[in-house]
Amino acid sequence: MSESSRIKADFIVHNLASAVLFPEPYRGQGTVPSWRTEELKNASVAAKEGVIVWVGPSARLSAEVQIEADARFYNGCGMTAVPGFVDSHTHLVYAGDRSDEFEMRVQGRSYLDILAAGGGILRTTEAIRNMPEELILVETLDRIEQIMRTGVTTVEIKTGYGLDLENELKMLRVIDRLKEESLIRIIPTFMGAHAIPADRRSDPDAFVDEICKVWIPEVARLELAMFNDVFTENKAFSVQQSRRILEAGLANGLRAKIHADEVNVLGGVDLAVELGAVSADHLLMTGDAGIAKLKGSGVIPTVLPGTSTYLMESHHAPARKMIEACLPLAIASDHNPGSCQFLGATIIQALAMLQLRLSASEALIAGTLHAAHALGFGDQIGAIEPGRRMDLALFAGDSFRQIGYQAGASRVEALIVGGVVAIDQF
Ligand code: NIG
Ligand code: FE
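Keep in mind it's a predicted model, so treat the numbers as computed, not measured.

Here we look at the overall build of the protein chain
Scanning the protein chain for helices and strands turns up 16 helices and 16 strands. For 426 residues, the compact-globule estimate of 2.2 N^0.38 gives 22 Å, and the protein chain sits close to it at 21 Å. The dimensions of the protein chain, computed from C-alpha atoms along their principal axes, are 75 × 45 × 40 Å. With an accessible surface of roughly 15,800 Å², the protein chain has 50% of that area assigned to carbon and sulfur atoms. Distance between charge centres in the protein chain, computed from 39 positive and 54 negative side chains, equals 3 Å.

Let's talk about the side chain of threonine 153
Mapped onto the elements, threonine 153 comes out in strand S7 (residues 152-158). Non-local contacts of threonine 153, meaning those with residues more than four positions away in its chain, are made with Gly84, Phe85, Ile184, Arg185, Asp391, Leu415, Ile416 and Val417.

What to know about the site of ligand 1
The immediate surroundings of ligand 1 are formed by 16 residues, with Arg98, Tyr111, Tyr161, His194 and Ser339 found nearest. Between ligand 1 and histidine 91 there is a distance of 3.3 Å, counted from an oxygen atom to a side-chain nitrogen or oxygen. Residue tyrosine 111 places a side-chain N or O atom 2.5 Å away from an oxygen atom belonging to ligand 1. A total of 330 Å² of accessible area belongs to ligand 1 in isolation, and the protein chains cover 100% of it. The pocket occupied by ligand 1, as judged from atoms lying within 2 Å of grid points, is the largest cavity. Per-class residue counts for the shell around ligand 1 are five nonpolar, eight polar and three charged.

Let's talk about the packing of helix H5 (residues 133-148) against helix H6 (residues 165-181)
Their axes nearest at 10 Å, the elements H5 and H6 cross at an angle of 50 degrees. One finds that H5 runs oblique with respect to H6. Every pair of crossing elements has a handedness; the one defined by H5 and H6 is right-handed. Of H6, the residues touching H5 (which contributes Glu133, Glu134, Ile136, Leu137, Thr140, Leu141 and Ile144) are Lys170, Arg173, Val174, Arg177, Leu178 and Glu181. In terms of residue class, the contact of H5 with H6 is made up of six nonpolar, one polar and six charged.

Points about the nonpolar core
Membership of the largest hydrophobic core comes to 118 residues, with the highest contact counts inside it found for Val82, Val93, Ile157, Ile184, Phe237, Ile245 and Leu358. Taken together, domain 1 (7-83 + 383-424) and domain 2 (85-373) each give at least three residues to this core, which thus spans both. Ignoring any residue separated from it by four or fewer positions in sequence, one finds valine 93 in contact with Ile128, Ile136, Thr140, Arg143, Ile157, Tyr161, Met171, Val174, Ile175 and Leu178. Judged by nonpolar contacts, the second largest core, of 20 residues, contains Ala19, Ala43, Val45 and Ile384.

Re the pairing of strand S5 (residues 79-83)
Of all five residues that make up S5, five are buried, and the element is covered over most of its length. Across two bridges, strand S1 (residues 7-21) lies against S5 in parallel orientation. Bridge pairing in S5 links serine 18 to threonine 80.

Observations regarding unusual backbone geometry
Phi at asparagine 42 takes a positive value of approximately 50 degrees, unusual for a residue other than glycine. Assignment of secondary structure puts asparagine 42 in strand S2 (residues 38-48). When its relative accessible area of 53% is taken as the criterion, asparagine 42 is described as exposed. For aspartate 334, which is not glycine, the phi torsion reads 60 degrees and is therefore positive. Inspection of the secondary structure puts aspartate 334 in the loop between strand S13 (330-331) and helix H13 (345-354). Taking the relative accessible area as the measure of exposure, aspartate 334 reaches 1% and is therefore buried.

Structural notes on empty space enclosed by the protein
One pass over the structure, following the stated rule, counts five cavities of 30 Å³ or more. One number sums up the size of the largest cavity: a volume of about 80 Å³. Its volume calculated, the second largest cavity comes out at about 70 Å³. Lining the second largest cavity are Phe85, Val86, Asp87, Ile331, Ala332, Ser333, Gly344, Ala345, Ile348, Gln349 and Gly367.

Calculation criteria
Residues numbered from 1 in each chain as written. Chains lettered and ligands numbered in written order. Predicted model: local features only at pLDDT ≥ 70, side-chain atom pairs only at ≥ 80, totals over all residues. Heavy atoms only, no water. Helix = DSSP H or I, 4+ residues; strand = E, 2+ residues; numbered from the N terminus. Rg over C-alpha atoms; globule rule 2.2 N^0.38 Å. Areas by Shrake-Rupley, 256 points an atom, 1.4 Å probe, with all protein chains shown as cover. Lys, Arg positive; Asp, Glu negative; His and termini not counted. Charge placed at Lys NZ, Arg CZ, Asp CG, Glu CD. Contact = heavy atoms within 4.5 Å. Near = heavy atom within 4 Å. Polar contact = N/O pair within 3.5 Å; in protein donor to acceptor, adjacent residues only side chain to side chain. 1 Å grid on protein atoms, 1.4 Å probe; cavity = no way out; pocket = protein on both sides within 12 Å on 5 of 7 lines; lining within 4 Å. Sits in = over half its atoms within 2 Å of the grid points. Nonpolar A, V, L, I, M, F, W, Y, C, P; charged D, E, K, R; others polar. Axes fitted to C-alpha atoms, helices over the stretch in contact; angles between N-to-C directions. Parallel < 35°, antiparallel > 145°, perpendicular 65-115°, else oblique. Left-handed = near helix turned anticlockwise from the far one by under 90°. Core = buried A, V, L, I, M, F, W, Y, C linked by side-chain atoms within 4.5 Å. Buried < 20%, exposed > 50% of the residue type's maximum accessible area, 1.4 Å probe, protein only. Domains from an automatic or database assignment. Pairing = 2+ DSSP bridges. Points joined across faces, edges and corners; volume = space filled by probe spheres on them.

Written as structure tokens, this is what we have:
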């Protein structure tokens, strides 16, 4: 091959024991997801300006890739590269501690009862309102550091513990600053409709009105969020209220996400499909009708096995049925101070296998590529493929099957985000 026809690269991860490829990646609405993975042994991955340009056997690297004079190298000796995990549903910005509620739940009190009594989300709201912005930032950065060690390179973070305009904006500013202060990709979601504060309970519709007419336009004007999410549930927001909130977001350029069917089936899935939401999340109680509705809709069903485990539910989201119905199932952590303290990607990989009965390949694709689709980045991140960002999580050993097997204990040896080495333990 002539010098000029070879692909140019400025960053190379070479000498990997294995790189995990998705030969038929899901490419969005109208296409069928594939759950096939391929472990390419003795692999190298080359990038130019943070984007993957070549993946192949190390033996062919120098023949097929023109390595620029000032190129950087990372020796992946003895390691397996998987795509950086995408945690597409988190409430990572919060304050305070709800360990007493955890114990109450263990003794039989329900999550929604605790919320109705002024605990739960409302308790964290008090804590957020009282904590200085700088301290919230520092505490969240610590969590980001921890999830990076589990291989996360992109994380979505929701607001929803401010519950008035001033404090929702405070949370959005923290999320915005995380973009500068952390090395991974941060995706902000506005979730002013997370719970109804005690002082607004006498007139919830007026609260919804304010979210639609004042908060959402202001959030959009400041360009602080990409998505708009709502908790559609008894004791939170009805389907009608959710529709108004999500439509107000759409009118202001914020794509819709929804917490649907977590405790009760109210119609959140139908609403997600009707409004073309990017994802519908939780889906613990979703039945055959909901699955049929989701089919072909382009809405990414995102299930959260950490939450159903942490809430000690008697069953989990019908993930196997969703896979059988050819839905592009995604998984995420839902990390938050009340319903799920599991943190990071590796434990969620393990729980997806143990609780949802996913195979190691299914869990990996659901937590990377499909989760990327749940954020609208399904063609830019989430797989080791030319044209996508060079986001790699490197684990010791020659197979990704260790990740779930080690029940969440596995930690990365290296993390690469957009061609930048963010963690190097080697
Ligand atoms: O996704 N369900 C609503 N929101 C979160 C829980 C937030 C909290 O309890 O603080 C969830 O489970
Ligand atoms: Fe959530």
